[in-house]
Amino acid sequence: MSLHVGTSGWAYREWRPAFYPEGLPQDGFLAHYAHRLTACEINATHYRLQTADAVANWVAQTPESFRFATKAHRRLTHGRVLPPHGGGEAFLARFLASIAPLGGRLGAVLLQIPPEKERDDGALADLLACLPPWLPVALEFQHPSWDVPAVAERVAGHGGTICLSETEGALPERLPEGPLAYVRLRAPAYDDASRRGWRDLLEREAADRPVFAFARHEGVPAGDPHAGVGLAEWLLGLGDEGELGVEL
């Protein structure tokens, strides 16, 4: 099974003491996080290119089985036009070079297409054409016009997938098609039936392809097994049936 579960980022001092032990220095957070969870979605890559030393340090603190999902830099997704236009192809090369030290720890690159960008099949075709075929990608389209089977099929045909950003606790029958799956669990909380359903679905899908699932990190205290880092732990089988908190 290839199931990779975590949160968006790890450097949260407010997760003490339920997740990070008191007294653990912040430079030890990632190693502790990687001992408990199996993946992390990196926010920092969305805002700035990372140095080779910084990325190599992430790798040094995680086991070989750990996976990072990096958010594509906002210059690639939030500009007036999508790559390769507007110099985007050259910047894409710089971005990929900046995350290259991840090596086998790279699980996926998440491209978040903002809500002001409506469906444009030509722009999508151009974007997919300039992405290297070896790059595992998930695209999160935030305007509803993109939510049609033809878009999902085109992305999957390129070797990527549609990111499912779930905000209401609903459980789909299956995850979007593609050689990988990518889920962002963003509801305020998942009750017992919902989280059990999600764990079953994630494990079932992970039997056939890599599956990445990331719980929300903001506004959720550590130790709550129905949201945030506590939910991520629960999905991996840690703290079953209320060991990390009370049932909803």
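Just above sits the structure.
Residues numbered from 1 in each chain as written. Predicted model: local features only at pLDDT ≥ 70, side-chain atom pairs only at ≥ 80, totals over all residues. Heavy atoms only, no water.

(A) Layout of the nonpolar core. Within the largest apolar cluster, 65 residues are counted, with the highest numbers of intra-cluster contacts made by W10, Y33, F68, V109, L139, F141 and L202. The contacts of L202, once residues within four sequence positions are left out, are L3, L175, V183, V211, A213 and L235. (Core = buried A, V, L, I, M, F, W, Y, C linked by side-chain atoms within 4.5 Å. Buried < 20%, exposed > 50% of the residue type's maximum accessible area, 1.4 Å probe, protein only. Contact = heavy atoms within 4.5 Å.)

(B) Summary view of the pattern of salt bridges. Here the structure, examined in full by the defined rule, presents 8 salt bridges. Residue E41 pairs with R186 through a salt bridge whose shortest N-O separation is 3.5 Å. Highlighted residues: E41 in strand β2 (residues 39-42) and R186 in the loop between β8 (181-185) and α8 (192-206), separated in sequence by 145 residues. Grouping residues by exposure puts E41 and R186 together as buried. Of the charged contacts in the structure, one is a salt bridge between R174 and E205, with a shortest N-O distance of 3.9 Å. In this pair, R174 sits in the loop between β7 (164-166) and β8 while E205 sits in helix α8, placing the two residues 31 residues apart along the sequence. Taking the relative accessible area as the measure of exposure, E205 reaches 9% and is therefore buried. Three or more residues are tied together by salt bridges with common partners; here these are E41, E140, R184 and R186. (Salt bridge = Lys/Arg side-chain N within 4 Å of Asp/Glu carboxyl O. Helix = DSSP H or I, 4+ residues; strand = E, 2+ residues; numbered from the N terminus.)

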